[in-house]
Amino acid sequence: MGSGQMVAVFGAYGHTGRFVVAQLRERGFVPILSGRDPGKLQALASESGLEARPASLDRALAGTAAVINCAGPFATTAAPVIEAALRAGIPYVDVAAEIEANADTFAHFTDRARAAGAVIVPAMAFYGGLGDLLATAAMGHWTTADEAHVAYGLSSWHPTAGTRAAGAVSGQRRGGRRVRYANGRLEYHQDDLPTLEWPFPEPMGPRAVIGEFTMADVVTIPSHLPIPEVRTYMAIEAARDLSSPDTPPPAPADEQGRSAQTFLVDVVVRSGGRERRAVASGQDIYAVTAPLAVEAVDRILTGRTRTVGVASAGEIFDAPDFLRALSPRISVEMRS
């Protein structure tokens with residue numbers, strides 16, 4: 001447990017940030033509220049009784065054991081918060097779902113973080129982190145694979161303001177192009193995305209999905225697993241929700257503030273005609289990001305890691321053990 005250690009949360013007043021703050025308190029940490037909007041910080045401080053530090057990042061991180069960055073777009077926030085964490089000598093974890101922002105973190109900070117013995121874990125969230133943990137667990141003792149597929153069966157997707165802002169930034173960076181991971185690299189293209197049927201396991205069953213609906217898993221998984229083809233898919237209903245400007249943000253449906261959204265993530269890894277599968281299910285993709293990020297911080301601070309530098313969830317943590325620790329918030333099943 002956190003034993004009263006202080007953990008800074010940048011973007012603490014945002015939708016996901018609030019879940020992270022609540023999870024930190026539940027785990028025995030003391031959240032320090034930080035972010036770009038002093039008014040929202042003070043409002044959350046008054047509401048929660050926690051300390052807000054609206055000044056500089058260096059002041060916000062002073063005396064803390066780690067920082068969790070929940071403030072998108074991460075194309076704007078990741079580098080400054082990482083730099084502050086390096087100056088403070090503390091671990092950095094973020095919940096970025098932005099493909100290019102995560103790729104930038106690996107490209108710009110890998111050498112510096114490794115040389116400093118620092119820990120930087122990007123995409124420690126529903127997108128990027130969970131898929132990577134599932135793919136790593138499914139790989140088991142395999143040393144290589146031909147392809148990995150991550151299919152998202154979301155009942156709906158009511159995007160937050162942060163999700164929409166991050167999507168706009170990513171779209172601008174791509175110049176309207178689409179992105180996929182093939183032949184061992186990110187490829188940009190303008191092909192139409194196919195619609196196909198994905199054989200989700202019961203109780204969901206087969207469902208129409210958008211193929212090559214590319215998410216952060218195409219950065220995290222191949223960052224440490226030798227898999228040249230990584231594809232992600234999205235349930236067509238959720239994709240339509242996300243693309244519609246009229247879809248409202250998530251609304252609380254229980255005492256924990258979670259929405260009624262449910263999900264099933266089906267990860268399939270194939271090698272030489274063999275196939276392994278890992279399936280995770282739960283409620284509210286934003287809410288489950290909090291236990292992922294906070295479990296990561298707890299493991300880093302207690303020395304339960306496998307490497308230093310910039311590393312995705314599956315590389316730095318024992319993936320099967322990490323997934324077990326998420327129960328009952330996330331149910332996981334391994335299949336061969």
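Every chain begins its residue count from 1, and numbering advances along the sequence as written. Local features are withheld for residues below a pLDDT of 70 in this predicted model, meaning they are given only at 70 or higher, and side-chain atom pairs are given and counted only at 80 or more; totals for whole chains, interfaces and linings count all residues. By convention in this description, side-chain values take in all heavy atoms of the structure and omit both hydrogens and water.

Trainee: Got a minute to help me understand the nonpolar core in this structure?
Mentor: A general trend in soluble globular proteins is that nonpolar side chains are found buried together. Working definition of a nonpolar core: buried Ala, Val, Leu, Ile, Met, Phe, Trp, Tyr and Cys residues. They are joined through side-chain atoms within 4.5 Å. We call a residue buried when its accessible area falls under 20% of the maximum for its residue type, exposed when it is over 50%, and partly exposed in between, using a 1.4 Å probe and counting protein chains only. By size, the foremost hydrophobic cluster in this structure holds 105 residues, and its most contacted members are Ile-68, Met-124, Phe-126, Leu-154 and Trp-157. Per the convention used, a helix needs a DSSP run of H or I reaching at least four residues, while a strand needs a run of E reaching at least two, with both numbered from the N terminus. Here this core takes eleven residues from helix α10 (residues 285-301), the largest share from any one element. For Phe-126, the residues in contact, after removing those within four places along its chain, are Gly-131, Tyr-152, Leu-154, Phe-263, Val-265, Ile-285, Val-288, Thr-289 and Leu-292. Membership of the second largest hydrophobic core comes to eight residues, among which are Trp-198, Phe-200, Val-268 and Val-279. Note on contacts: a residue pair qualifies if any of its non-hydrogen atoms lie within 4.5 Å across the two residues.

Trainee: So what exactly am I meant to see when it comes to the pattern of salt bridges here?
Mentor: The term salt bridge refers to a pairing of a side-chain nitrogen on Lys or Arg with a carboxyl oxygen on Asp or Glu at a separation within 4 Å. Under the counting rule described, the total for this entry stands at 28 salt bridges. We note a salt bridge from Glu-83 to Arg-112, for which the minimum N-O separation is 2.9 Å. Note that Glu-83 is positioned in helix α4 (residues 74-88) and Arg-112 in helix α5 (residues 99-116), a separation of 29 residues in sequence. Look at Glu-83 and you get partly exposed, because its relative accessible area is 26%. The partly exposed category is assigned to Arg-112, whose relative accessible area is 41%. Glu-237 is paired through a salt bridge with Arg-207; the nearest N and O atoms lie 4.0 Å apart. Of this pair, Glu-237 sits in helix α9 (residues 236-243) while Arg-207 sits in strand β10 (residues 207-210), and the two are 30 residues apart along the sequence. Among the residues examined, Glu-237 registers a relative accessible area of 34% and is labelled partly exposed. Residue classification places Arg-207 among the partly exposed residues on the basis of a relative accessible area of 21%. Taken together, the shared-partner salt bridges in this structure form one network comprising Arg-27, Glu-295, Asp-298, Arg-299, Arg-304, Asp-321 and Arg-324.

Trainee: Could you clarify how one ought to interpret the packing of aromatic side chains in this entry?
Mentor: The description of an aromatic ring pair rests on the distance of the ring centres and on the angle between the ring planes. Note on ring pairs: Phe, Tyr and Trp rings are taken, using the six-membered ring of Trp, and paired if centres are within 6.5 Å. Classes follow the plane angle, with under 30 degrees stacked, over 60 edge-to-face and the rest tilted. A complete count under the given rule lists seven aromatic pairs for this structure. On the basis of an interplanar angle of 80 degrees and a centroid distance of 4.8 Å, the ring pair of Phe-126 and Tyr-127 is categorised as edge-to-face. In this structure, Phe-126 and Tyr-127 share a single accessibility class: buried. Residues Phe-317 and Phe-322 carry aromatic rings whose centres are separated by 5.1 Å and whose planes lie at 40 degrees to one another, so their mutual orientation is tilted. Of the residues examined, Phe-317 reaches a relative accessible area of 0% and is grouped as buried. Classification of Phe-322 as buried rests on a relative accessible area of 0%. Here the aromatic cluster, defined as three or more aromatic residues joined through ring pairs, consists of Phe-126, Tyr-127, Tyr-152, Trp-157 and Phe-263.

Trainee: Explanation requested: the pairing of strand β7 (residues 178-182) in the structure shown.
Mentor: Within a regular strand, side chains alternate between the sheet's two faces. Counting buried positions along β7 yields four of five residues, so the element is predominantly enclosed. Whether two strands pair depends on DSSP finding at least two bridges between them. Here β7 pairs with strand β8 (residues 185-189) via five bridges, running antiparallel. Residue Arg-180 lies in a different strand from β8, and its bridge partner there is Glu-187. Hairpin geometry of β7 and β8 is characterised by an intervening segment of two residues between the two adjacent antiparallel strands and by a positive phi of about 55 degrees at Asn-183.

Trainee: Any chance you could explain the sheet that holds strand β1 (residues 6-10) here in plain terms?
Mentor: Across a sheet, paired strands are connected by hydrogen bonds in the backbone, their directions being either parallel or antiparallel. Taken in spatial order, the six strands of this open sheet run β2-β1-β3-β4-β5-β14, and their pairing is parallel. Strands with a single pairing partner mark the edges of an open sheet, and in this sheet they are β2 (30-34) and β14 (309-310). Relative to strand β3 (residues 66-69), β1 runs parallel, the two being bridged by four bridges. Among the inter-strand pairings, Val-9 is bridged to a residue of β3, identified as Ile-68. Its contacts with the sheet place α10 against β1, β3, β4 (92-94) and β5 (119-121), and it is angled at close to 160 degrees to β3. Between N-to-C directions, angles cover 0 to 180 degrees, with each direction set by a line fitted to C-alpha atoms, over the stretch in contact for helices.

On their own, these measurements won't tell you what the molecule is for.
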